[in-house]
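# Observations on the three-dimensional arrangement
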Amino acid sequence: MLKAVSAWSLWRTSPCAVIVILAVDLAAAAAALVSVGAIQQTDLWTAVLLASLSIVYSRFTVSWERARRALRQEKLPTLYPNLLATWAFAAAVLLPLSLAAAVIALAALAEWPARNIAGQATPYRYIYSTAGAILAATAANACMALDLAEPLALALAAAGYMLVGMAAVALAMVSAGQYKALGLLVKAESHKLEVLTIALATAQVQLINLHIPLAWLSLPAAIVIQRWAVQSDLHLSDDTTIRPMTEGAWLTVAREVVAACPVTAIMRIDTADPAAVSLVARMQVGCDAIGAMGRSGLAILLADCPGTNAEALAMRMRTALSQQGIPALVAVAAKPRDGQSSADLLAVSEAELITRAAAQGPSKSLRPEA
């Protein structure tokens with residue numbers, strides 16, 4: 001354990017960043033510990049309920065969240081808003097701060113498998129984001145303690161939660177010298193999911209006030225929002241789609257997305273000609289990730305694309321490549337028809353490329369991928 005902690009890249013950053021990050025972590029721990037007070041049995045039941053909701057939600061949506069984060073891994077710097085606030089904000093509003101912090105910690109532990117993606121598994125960052133959530137909950141809890149009408153107190157608590165959470169993120173960026181990334185904090189797109197989550201958490205508070213078991217009604221809503229977030233990222237279109245990912249990054253994305261989507265496909269093209277890359281982008285094929293496979297091929301992830309659609313797309317792609325004078329073979333494989341994992345689909349599409357190359361005779365053979 002100590003060896004793993006000592007290997008964190010945190011210790012190789014600037015001393016200022018280390019001090020800031022540890023100070024925020026310690027402040028969150030202190031806020032939770034010094035606020036221990038009288039806890040009623042109803043508070044315990046509410047804490048158990050919120051923790052149970054967070055754990056069930058995380059277990060149900062882990063593959064979707066992994067896919068969403070994997071899709072963004074070459075679009076850094078970026079923010080990763082998530083649904084942790086659904087449980088954290090409700091806990092901050094309804095519970096003593098010490099219990100709210102415990103709920104947040106359990107929710108964070110339950111969510112960790114969704115974050116533990118190759119290239120993104122940075123425990124110290126997750127600890128910091130959890131600490132930021134606890135400090136945000138501290139602000140929301142303090143707002144609820146004011147002598148205000150409940151609707152006003154809830155609105156103030158929501159604003160306080162979001163502002164303190166943003167301040168924690170901004171502090172980390174500044175301490176690490178990531179000044180350009182601060183612009184993300186003023187973009188509405190960065191906070192759309194968080195606003196929806198706070199609204200869901202506010203509704204959850206009202207359900208709990210009416211009758212505690214009614215809070216389970218928030219779980220389907222949270223799952224729907226999570227699915228919407230995944231779909232938004234699956235079909236996110238910007239200029240990054242015309243630059244092939246590195247092979248390692250693309251393989252990570254494909255593994256997570258194929259695992260999460262019941263229907264998806266992979267297209268292989270045995271050329272990395274820039275003209276072919278531009279053609280793929282111009283055709284608007286719905287590809288969410290284009291990867292450079294070795295030095296002489298492309299792999300295109302077709303999320304939510306059934307096999308029949310992928311085959312039709314492959315035919316159009318062959319025609320378009322031929323018209324552009326680009327000699328290339330095209331093959332596709334789809335889930336569930338050809339397998340359940342990205343490895344299955346890559347193997348099937350590779351086999352089809354080899355078969356097509358052999359059918360065209362010795363003048364057309366696959367170039368080595370490595």
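No experiment lies behind these values; they were computed from the predicted model shown.

### What about the overall build of the protein?
Per the secondary structure count, the protein includes 13 helices and four strands. Carbon and sulfur atoms make up 67% of the accessible area of the protein, which totals about 17,200 Å².

### Here we look at helix α7 (residues 150-175)
Side chains that are three or four residues apart share a direction in an α-helix, a result of its 3.6 residues per turn. Between its terminal C-alpha atoms α7 stretches 37 Å, which fits the 38 Å expected from 26 residues at 1.5 Å a residue. A positive phi of about 75 degrees marks Gly177, the residue just after α7.

### As for the packing of aromatic side chains
Here the structure, examined in full by the defined rule, presents three aromatic pairs. Taking the centre distance of 5.8 Å and the plane angle of 55 degrees together, the rings of Tyr57 and Trp87 count as tilted. Taken as a pair, Tyr57 in helix α3 (residues 41-71) and Trp87 in helix α4 (residues 84-94) lie far apart in primary sequence, 30 residues in all. Overall, Trp87 belongs to the buried group, its relative accessible area being 2%.

### Examining the environment of Ile19
With respect to the helices and strands, Ile19 occurs in helix α2 (residues 15-34). Between the alpha carbons of Ile19 and Ser175 there is a distance of 8.9 Å; along the sequence they are 156 residues apart.

### A short note on unusual backbone geometry
The step from Lys335 to Pro336 runs through a cis peptide bond, and the omega angle for that step is 10 degrees. Inspection of the secondary structure puts Pro336 in the loop between β4 (330-335) and α13 (342-359).

Rules of the game
Residues numbered from 1 in each chain as written. Predicted model: local features only at pLDDT ≥ 70, side-chain atom pairs only at ≥ 80, totals over all residues. Heavy atoms only, no water. Helix = DSSP H or I, 4+ residues; strand = E, 2+ residues; numbered from the N terminus. Areas by Shrake-Rupley, 256 points an atom, 1.4 Å probe, with all protein chains shown as cover. Expected span 1.5 Å × (residues − 1). Phe/Tyr/Trp six-rings, centres within 6.5 Å; stacked < 30°, edge-to-face > 60°. Buried < 20%, exposed > 50% of the residue type's maximum accessible area, 1.4 Å probe, protein only.

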